[in-house]
Amino acid sequence: MESSEPDFKRFIFIIIDGSPYEIFKALIENGDLPNIKKFVVDRGSLNKAVSAFPSTTGPAFIPFFMGLYPGTANIPGIRWLSKSNFKIPHRFKRPGICSYMGIDGLRFEADLPSDASTLFNFFSPVSNIYNLLARGCPSTKNLTRRIKPFVYTYAHFSHRWRFVNQIAIRQFHKAAEAGDQFIMCLFPAVDTFSHLTHTRSLPVLQTYREIDAAIGKLVNILQKMGTLEETLILITSDHGMSDTHTHIDIPRHLDDGGWRCLHYPKIWRQDAVSASMVSGNGMTHLYFKNSGNGKGWGARMPFEQMHQMGVINSLTELGGLGFVVGQSETGDIIVQSRTGQGKISCHSLRTGHENPQNAENSIKCTDSLRFSYEFIGTDPLGYGVFYKNLSSREALRETYDSSYPDGIVQLWQIFNGDRTGDLVLSAESGYDLRARYELPEHHATHGALIAEHMHIPLATNYPIAEQYIRSVDVFPTVLNLCGHNVAAHHIDGRIVK
């Protein structure tokens, strides 16, 4: 159902992959992005928003396009293992094991909830450029569908990511000239150049300027068509980045501890009893085989069992590891560092269930949930405060500017999916969790729960006064501005104004 007078008739959505909020803001303030400042920010606003955990391409797109957390959508990372489906030697039987960095990237949409709509379902005609979450976009309007695998592969080995961006820019302007009602354009080169160099290198800054020039030309096209005032323009990022100085070899550490580890690209390892599925290199899921149950890898192992096995203490000894998190036998989320332990509890006002991710018919929308957090020793999340019965929004507000923004809700949501690991690890700034088989070597990292990875820019030509915004709020907010009613959709986000 559409309202009679929507604020906007067209929507142009731009994702600058890997753009941290602080860097984007500095470029705006320094005059390095004059077109974005003049035609977007000055007409509307630049907000600091919070991405989703894990803060990595793919899972972090789901909030934008579906209004769901990665945990709700059961896509907990760019790589994951489904313990209930994974059986050796049937290593490639889906959905047992997955890496969207390879051929599985073509199956990303098939792994999403089948009953959930995307932004593409609300507009027509639409265009999609490079974005892998294109459900609802006709194949003929997925403009880079055929060329993307080839140009991404070429750029990966040649490092010519500006060439990839230039293709995006050409398709972007063509779609604008064609009058498409919704245009989604992903610019990947800031992320890839940051991995190759660092987050403020010359290639990265040059890429920002090229994107800004492309937006200047876009505005010129819209002005000539007389549609600028009726077009909502939103520029954001899926995640931030931080420069990396140290790589932690998690699989080797598990091997040395006697937990032979399966990991990409060594997914053929025989007699493996653990698996590490890394995302963005700043976080990883760890899975452990349940021995003696006759069910292969079985169900998720509780935190208490991991502790008895010695896994928790072994991991927390690693320098550069922010914390280890798992799910208790009671359903609580346990956050462990070397010097302290935190506990996240949740209950539903509607059902009365404690920790409703374990309850039947659990509620996807978080508005009816209440969160509590307590700790012993040194608070591993650094909040230093006990929280009791916070709403989702109160939890966001209380932790927004902390070292782990929105950590209470984000760590809760990731364990809503049954593909999430027995344990989830998050690295500290400057560290990542993959020391081998990353060619070329990464010099910048994302994926973790830290502020540098979670804080993203949200620039719109419509003023948003709300100070506390999640990426999952973009879906309902955009649809509301474009005249669509989202009340009937079970989502995790809410409209912000």
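Residues numbered from 1 in each chain as written. Predicted model: local features only at pLDDT ≥ 70, side-chain atom pairs only at ≥ 80, totals over all residues. Heavy atoms only, no water.

**Here's the deal with the sheet that holds strand 1 (residues 10-16)**
Thought 1: Across the sheet, 7 strands lie side by side as 5-6-1-7-21-2-22; this open sheet has mixed pairing. Edge positions in the open sheet fall to strand 5 (126-129) and strand 22 (469-470), since each of these has one partner strand only.
Thought 2: Pairing of strand 1 with strand 6 (residues 182-187) involves 6 bridges; the strand directions are parallel. The residue of strand 6 that forms the bridge with Phe-11 is Phe-182.
Thought 3: Sheet contacts for helix 15 (residues 474-481): strand 1, strand 7 (231-236), strand 21 (455-460) and strand 22; angle to strand 7, the most-contacted strand, approximately 165°. (Pairing = 2+ DSSP bridges. Helix = DSSP H or I, 4+ residues; strand = E, 2+ residues; numbered from the N terminus. Contact = heavy atoms within 4.5 Å. Axes fitted to C-alpha atoms, helices over the stretch in contact; angles between N-to-C directions.)

**A look at the pairing of strand 13 (residues 321-327)**
Thought 1: Judged by how many residues are buried, strand 13 sits mostly within the fold: 7 of 7 residues are covered.
Thought 2: Linking strand 13 back to strand 14 (residues 333-336) in an antiparallel pair, the connection comprises 5 residues, with Gly-331 at a positive phi of about 95°. (Buried < 20%, exposed > 50% of the residue type's maximum accessible area, 1.4 Å probe, protein only.)

**Brief notes about the side chain of Ser-337**
Thought 1: With respect to the helices and strands, Ser-337 occurs in the loop between strand 14 and strand 15 (340-348).
Thought 2: We classify Ser-337 as buried; its relative accessible area is 11%.
Thought 3: Beyond its immediate stretch of four places on either side in the chain, Ser-337 contacts Thr-316, Gly-322, Thr-378 and Pro-380.

**Comments concerning the state of the cysteines**
Thought 1: Going through the model one piece at a time under the given rule, you end up with 0 disulfides.
Thought 2: Cysteine Cys-98 shares no disulfide, and the gap to the nearest cysteine sulfur, in Cys-261, comes to 17 Å.
Thought 3: Here Cys-137 is not disulfide-linked; the sulfur of Cys-185 is the nearest cysteine sulfur, at 13 Å. (Disulfide = S-S within 2.5 Å.)

**Overview of the sheet that holds strand 11 (residues 274-279)**
Thought 1: Ordered in space as 10-11-12-18-13-14-15-16-17, the 9 strands form an open sheet in which the pairing is mixed. Pairing within the sheet leaves two strands with one partner each, and these edge strands are strand 10 (261-263) and strand 17 (387-391). Neighbouring strand axes in the sheet, compared pairwise and without regard to direction, differ in orientation by 20° on average.
Thought 2: Relative to strand 18 (residues 423-427), strand 12 (residues 283-288) runs antiparallel, the two sharing 4 bridges. Its bridge partner being in strand 18, Thr-284 is matched across the sheet by Leu-425.
Thought 3: Contacts from helix 12 (residues 392-399) reach strand 16 (369-377) and strand 17 within the one sheet, and its direction differs from that of strand 17 by about 115°.

**Describing helix 15**
Thought 1: Most of helix 15 is tucked away: 7 of the 8 residues are buried.
Thought 2: Those residues of helix 15 not exposed but buried are Val-474, Phe-475, Pro-476, Thr-477, Val-478, Leu-479 and Leu-481.
Thought 3: Those residues of helix 15 hidden inside the fold are in contact with strand 1, helix 3 (62-66), strand 7, strand 21 and strand 22.

**A short note on the environment of Gly-179**
Thought 1: Looking at the element boundaries, Gly-179 is found in the loop between helix 6 (161-177) and strand 6.
Thought 2: Contacts of Gly-179, omitting those with residues within four sequence positions, involve Arg-10 and Met-225.

**Some points on the environment of Ser-279**
Thought 1: Among the structural elements, Ser-279 can be located in strand 11.
Thought 2: The spacing of Ser-279 and Leu-433 is 154 residues in sequence and 8.9 Å in space, taken between C-alpha atoms.
Thought 3: In this structure Ser-279 touches Thr-56, Gly-77, Ile-78, Arg-79, His-446 and Gly-447, once residues within four positions along its chain are discounted.
Thought 4: Polar contacts involving the side chain of Ser-279 include one to the main-chain amide nitrogen of Ile-78, which spans 2.8 Å. (Polar contact = N/O pair within 3.5 Å; in protein donor to acceptor, adjacent residues only side chain to side chain.)

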